[in-house]
Amino acid sequence: MSYYESLSAAITRYYVFSGLFREGDEQMTFEIADANLIEVGQTVEKEFAGSARAFFIELDNFDNETYQCEIIIGFTIWPYEDDENEEKLILDSVREELEKVGFVEDDAYYLGDGPDRR
């Protein structure tokens, strides 16, 4: 996908988090894991509400037996304004919220940038 990129335009930055969900009182299913991610998205949106950022969290490649999965995270940044520290703060907040819902991260990597999705 191509998009117009300018210095003053917001973009959506994407990361992939690989890991697994710890089993809670009930058996973890795709639906439960997905509901947990909705909760994470809402919490992070509230935390960064004043910065006009949008967050997108999608569950991908969920294995019902091992609870292994990949989570795609997207968030709005302004390349001309946001530095590495701001991006690290956002990623740390997302990690913290994922841990609260039982996600254990094995690996995370930068996926790419796309157009602003707000």
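Heads up: the structure comes first, above all this text.
Here the structure is a predicted model, which means the values were calculated and not measured. Each residue is numbered by its place in its chain's sequence as written, counting from 1. Confidence filtering applies because this is a predicted model: local features only for residues at pLDDT of at least 70, side-chain atom pairs given and counted only at 80 or more, and all residues used for totals across whole chains, interfaces and linings. Excluding hydrogens and water, the side-chain values take into account all heavy atoms of the structure.

A.B. asks: Explain the overall build of the protein chain to me, please; I cannot follow it from the model alone.
C.D. replies: Scanning the protein chain from N- to C-terminus turns up two helices and four strands. Secondary structure is summarised from DSSP: a helix means a run of H or I of at least four residues, a strand means a run of E of at least two, and numbering begins at the N terminus for each. Element order for the protein chain, N to C, with α for helix and β for strand: β-α-β-β-α-β. In what follows, residue pairs with any heavy atoms lying within 4.5 Å of each other are defined as contacts. Within the protein chain, residue pairs in contact and separated by at least 24 positions form 76% of the contacts whose partners lie at least 6 positions apart. For the area figures, the Shrake-Rupley method with a 1.4 Å probe applies, and any residue is considered shielded solely by the protein chains shown. Here the protein chain has roughly 7000 Å² of accessible surface; of this, 46% comes from carbon and sulfur atoms.

A.B. asks: Mind showing me how you'd approach the pairing of strand 3 (residues 68–77) here?
C.D. replies: For a regular strand, the rule is simple: side chains alternate between the two faces of the sheet. Note on classification: 1.4 Å probe, protein chains only; a residue is buried when its accessible area is under 20% of the maximum for its type, exposed when over 50%, partly exposed between these limits. Burial analysis of strand 3 places seven of its ten residues in the buried class, which makes it a mostly covered element. DSSP-based pairing: two strands are paired if at least 2 bridges between them are found. Judged from the ten bridges that link them, strand 1 (residues 11–21) and strand 3 form a sheet pairing that is antiparallel. Bridge assignment links L20 to a residue of strand 3, and that residue is Q68. Bridge analysis of strand 2 (residues 55–60) against strand 3 gives six bridges, and the strand direction is antiparallel. Each bridged residue has a counterpart across the sheet, and for I57 the counterpart in strand 3 is I73.

A.B. asks: Would you mind going over helix 1 (residues 30–47) with me for this structure?
C.D. replies: Along an α-helix, residues three or four positions apart point the same way, because every turn accommodates 3.6 residues. Multiplying 1.5 Å by the helix residue count minus one yields the expected span of that helix. When the terminal C-alpha atoms of helix 1 are compared, their 26 Å separation across 18 residues agrees well with the 26 Å that a helix rising 1.5 Å per residue should span. Inspection of helix 1 places A33, N36, L37, V40, G41 and V44 among the buried residues, and these make up the whole buried set. Buried positions in helix 1, seen along its axis, are confined to an arc of 145° and lie on one side of it. Among the exposed residues of helix 1, those oriented more than 90 degrees off its buried face are E31 and K46. As used here, the arc is the angular range of directions from the helix axis to the C-beta atoms.

A.B. asks: I would appreciate a short explanation of the sheet that holds strand 3 in the present structure.
C.D. replies: Within a beta sheet, neighbouring strands are joined by backbone hydrogen bonds and run either parallel or antiparallel to one another. Sheet architecture is open: four strands sit in the order 2-3-1-4, paired in antiparallel fashion. The strands lining the two open edges of the sheet, one partner per strand, are strand 2 and strand 4 (103–115). Ignoring which end each strand starts from, the neighbouring axes of this sheet average 20° apart. The strands touched by helix 1 are strand 1, strand 2 and strand 3; relative to strand 2, the strand with the most contacts, the crossing angle is about 165°. Set on the sheet, helix 2 (residues 84–100) makes contact with strand 1, strand 2, strand 3 and strand 4; between it and strand 1 the angle comes to about 30°. Between the N-to-C directions of two axes lies an angle of 0 to 180 degrees, each axis being a line fitted to C-alpha atoms and, for a helix, fitted only over the stretch in contact.

A.B. asks: Which parts of the structure should I look at to understand the nonpolar core?
C.D. replies: Most often, soluble globular proteins have nonpolar side chains that are buried together. To form a nonpolar core, buried Ala, Val, Leu, Ile, Met, Phe, Trp, Tyr and Cys residues must be joined to one another through side-chain atoms within 4.5 Å. Counting residues in each nonpolar core, the largest one holds 26 residues, and the members touching the most others are F17, F21, L59, F62, I71, F75 and L98. Those elements that provide at least two residues to this core are strand 1, helix 1, strand 2, strand 3 and helix 2. The biggest single contributor to this core is strand 3, with five residues. Setting aside residues up to four positions removed in sequence, F17 forms contacts with C69, E70, I71, I73, L91, V94, R95, L98, F103, E105, D107 and A108.

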